[in-house]
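# Observations on the three-dimensional arrangement
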Amino acid sequence: MSRPKVVFEGVSKDFEKDGAPLAVLQDVDLSVGEGEFVCLLGPSGCGKSTLLNIAGGFEAPTRGTVRIDGEPVQGPDARRVFVFQEYGIFPWASVWDNVALGLRHLSSSEQHRIVGETIEMVGLSGFERTYPMELSGGMKQRVEVARALAVSPDVLYMDEPFGALDSLTRLSMRSELIRIWKSRKVTILFVTHDVDESIQLAERVVVFSERPGKIADIVPVDLEHPRDLGSPEYGQIKNRLYGLLGVSHSV
Amino acid sequence: MKVLSPVAFGLLLTALWWLACGVKGDEIMPTPLDTLYGFVELVESQRLWGDIVASLFRVTWGFLLAAGVGIPLGLVVGWSNRVSVAVNPTIQGLRPISPIAWIPLAIYWFGIGDGAGIFLIFVASFFPITVGTMAAVRGISLVHQRSARNFGVRGLDLFRRVLLPAAMPQIITSLRIALGVAWLVVVAAEMVGMDSGLGYLIMDARNAGARYDLIVATMFVIGAIGIVLDVLIRKLERFDEVRWGYENR
Ligand SMILES: Nc1ncnc2c1ncn2[C@@H]1O[C@H](COP(=O)(O)OP(=O)(O)OP(=O)(O)O)[C@@H](O)[C@H]1O
Ligand SMILES: [Mg+2]
């Protein structure tokens, strides 16, 4: 495996609920390699978003630490960008200005070059002056991905980024994400509760138990991209994941 | 039918008004026709324009000053808990005091004239604007705050790129409320403590021979200008930067 990039060491998180502590995460140990694509899969409410928020520096763990490149996470950092479950782009700014958000310190010619390239990469050329309100859900999510990629982050945290999209758009966004991941070699932690999504994207799927979230198992997906969704290997992994989640696959 | 009904309703009310004048049969209450003649008289006397300008002048400057102070203050108080703890109790304590109650002090400080009028309009618009801006900043969604932190947006940049634009739709709503209040207050202030303006025109018409036709005509003028002001300020809601804030509401 490649050099460890994001390392969770005994991470636990308790929230307060009606005066009593509510254990949301318990002793999460996980090492994500540099350039690796990892999916965090688990039932709703098991603490996936919480874990990602801790890694992103938006929340502090109750116990344990998260290290990136060996340094403990102290707070948010523009080198590690979050793509939110609900749209995090600014509705008051045009597509162009949204994508340029993280480039404020660069010269305007540099900004121009990078924003133009990134917008083209996510297929939004021609929409530079458009406001998010006038975009479809998929396009908004592309803007958010572009805003993140524009700063050339070394880690992307994605919290069910495609959850609000229709299934066709979701499929195409996934293959675009794989394309981008391959060309950028960025480390991706991708939260989902969709078994198929995790098998289509991840090199390793980290399966969480019900709350309090613990790692139930880590399932490698050794399939080449583009992945054949009808292959027997795919089916086996799927069965295994459903088994770990405690639901039977057949309905 | 849809276009006609507001007109029909207005005509119905006018007819009732006329009928009521006939039934009561006194000399004081003007009929719609008396009012129309009163309006013509006001227009011909040239006096109306001067009073309209005087009222609008006070409202414009008082309102702009209030926006100039209230929006930045509201942004800071809304964003910073430390500032809020110090400043908010004073704001909340002064807010329930009717702007009308300030009239004696205003005249004492500024004398009869525009200064006192502008001050009163400032007081009347300042609180809705400041409190509205504060609430807007406090309501900024967590994902937007986190986006800003993730990309290291802070200091003045934070105000310019995130807090102000995020709060803008609600700020515009509070400006609209404030302008409405300002227009109510200017008339009251002019009735009590000024010697020009539409409010003064009303008092003057009453004192100089109980000219209720002129009074009611002036009331219509006040209403019409109020509508125009509201229409004008609502134009702010159309800008691309704020339209998102009025969707699905
Ligand atoms: N700020 C908070 N204060 C109190 N409780 C919280 C807070 N944030 C999350 N929780 C609780 O922690 C638990 C885990 O929440 P989290 O959002 O991490 O779940 P999730 O796995 O992302 O779920 P989903 O798949 O539905 O998004 C939930 O029970 C939630 O109610
Ligand atoms: Mg979640």
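A brief report on the enclosed structure follows. (Residues numbered from 1 in each chain as written. Chains lettered and ligands numbered in written order. Predicted model: local features only at pLDDT ≥ 70, side-chain atom pairs only at ≥ 80, totals over all residues. Heavy atoms only, no water.)

### Some points on the interface of chain A and chain B
Put simply, the test is: Residue contacts follow a heavy-atom distance rule, with two residues in contact if any of their heavy atoms lie within 4.5 Å. Here the buried area means the combined drop in accessible surface, using a 1.4 Å probe, for two parts upon being joined, counting both sides. Put simply, a salt bridge is a Lys or Arg side-chain nitrogen that is within 4 Å of an Asp or Glu carboxyl oxygen. N or O atoms closer than or at 3.5 Å make up a polar contact, with two conditions inside protein: a donor-capable atom paired with an acceptor-capable one, and, for residues adjacent in sequence, both atoms drawn from side chains.
On the side of chain B, 20 residues touch chain A, which itself brings 27 residues to the contact. Summed over both sides, the interface between chain A and chain B buries roughly 2200 Å², with carbon and sulfur atoms accounting for 62% of that surface. Per-residue buried area on chain A facing chain B is highest for W92(A), R104(A) and M133(A); these three make up 35% of the total on that side. Between the two partners, chain A and chain B, sit three salt bridges. The shortest N-O distance in the salt bridge between E59(A) and R146(B) comes to 3.4 Å. Where chain A packs against chain B, one counts 15 residue pairs in polar contact (both at pLDDT 80 or more).

### Digging into empty space enclosed by the protein
All names here are of chain A. The line we're drawing: For cavity detection a 1 Å grid was placed over the protein atoms alone, and a set of points counts as a cavity when a 1.4 Å probe fits there but cannot get out; an open set counts as a pocket when protein lies on both sides within 12 Å along at least five of seven lines, with lining residues being those that have an atom within 4 Å of a point. Grid points are joined across faces, edges and corners, and a volume is the space filled by probe spheres set on the points. We count a stretch as a helix when DSSP gives it H or I for four or more residues in a row; a strand needs E for two or more, and each element gets its number in order from the N terminus. Here the nonpolar group is Ala, Val, Leu, Ile, Met, Phe, Trp, Tyr, Cys and Pro; Asp, Glu, Lys and Arg are the charged ones; every other residue, Gly included, is treated as polar. Boundary definitions for the domains trace back to an automatic or database domain assignment.
All told, the structure shown has one cavity of 30 Å³ or more when counted by the stated rule. Estimates place the volume of the largest cavity at around 60 Å³. As for the largest cavity, its lining consists of V122, R142, V145, F162, M173, E176, L177 and I180. Looking at the lining of the largest cavity, the elements with two or more residues in it are helix 4 (137–150) and helix 5 (167–184). Here the lining of the largest cavity takes four residues from helix 5, the largest share from any one element. The residue inventory of the lining of the largest cavity, partitioned by class, reads six nonpolar, no polar and two charged. Residue assignment places the lining of the largest cavity across two domains, with domain 1 (1–79 + 154–251) and domain 2 (87–152) each supplying three or more.

### Some remarks on the site of ligand 1
Residue and element names in this part refer to chain A. What counts here: Being near a molecule or strand, for a residue, comes down to having at least one heavy atom within 4 Å of it. The Shrake-Rupley method, run with a 1.4 Å probe, gives the accessible areas here. Residue values count only the displayed protein chains as cover.
Taken together, 13 residues lie around ligand 1, and S44, K48, S49, T50 and R211 are the ones closest in. Between ligand 1 and G45, the relevant distance is 2.8 Å, taken from an oxygen atom to a main-chain nitrogen or oxygen of the residue. At 2.7 Å from an oxygen atom of ligand 1 is found a side-chain nitrogen or oxygen belonging to S49. When ligand 1 sits alone it has 630 Å² of accessible area, and the protein chains cover 65% of it. It is helix 1 (residues 48–55) that contributes the most residues to the shell around ligand 1, three residues altogether. Split by residue class, the shell around ligand 1 holds three nonpolar, seven polar and three charged.

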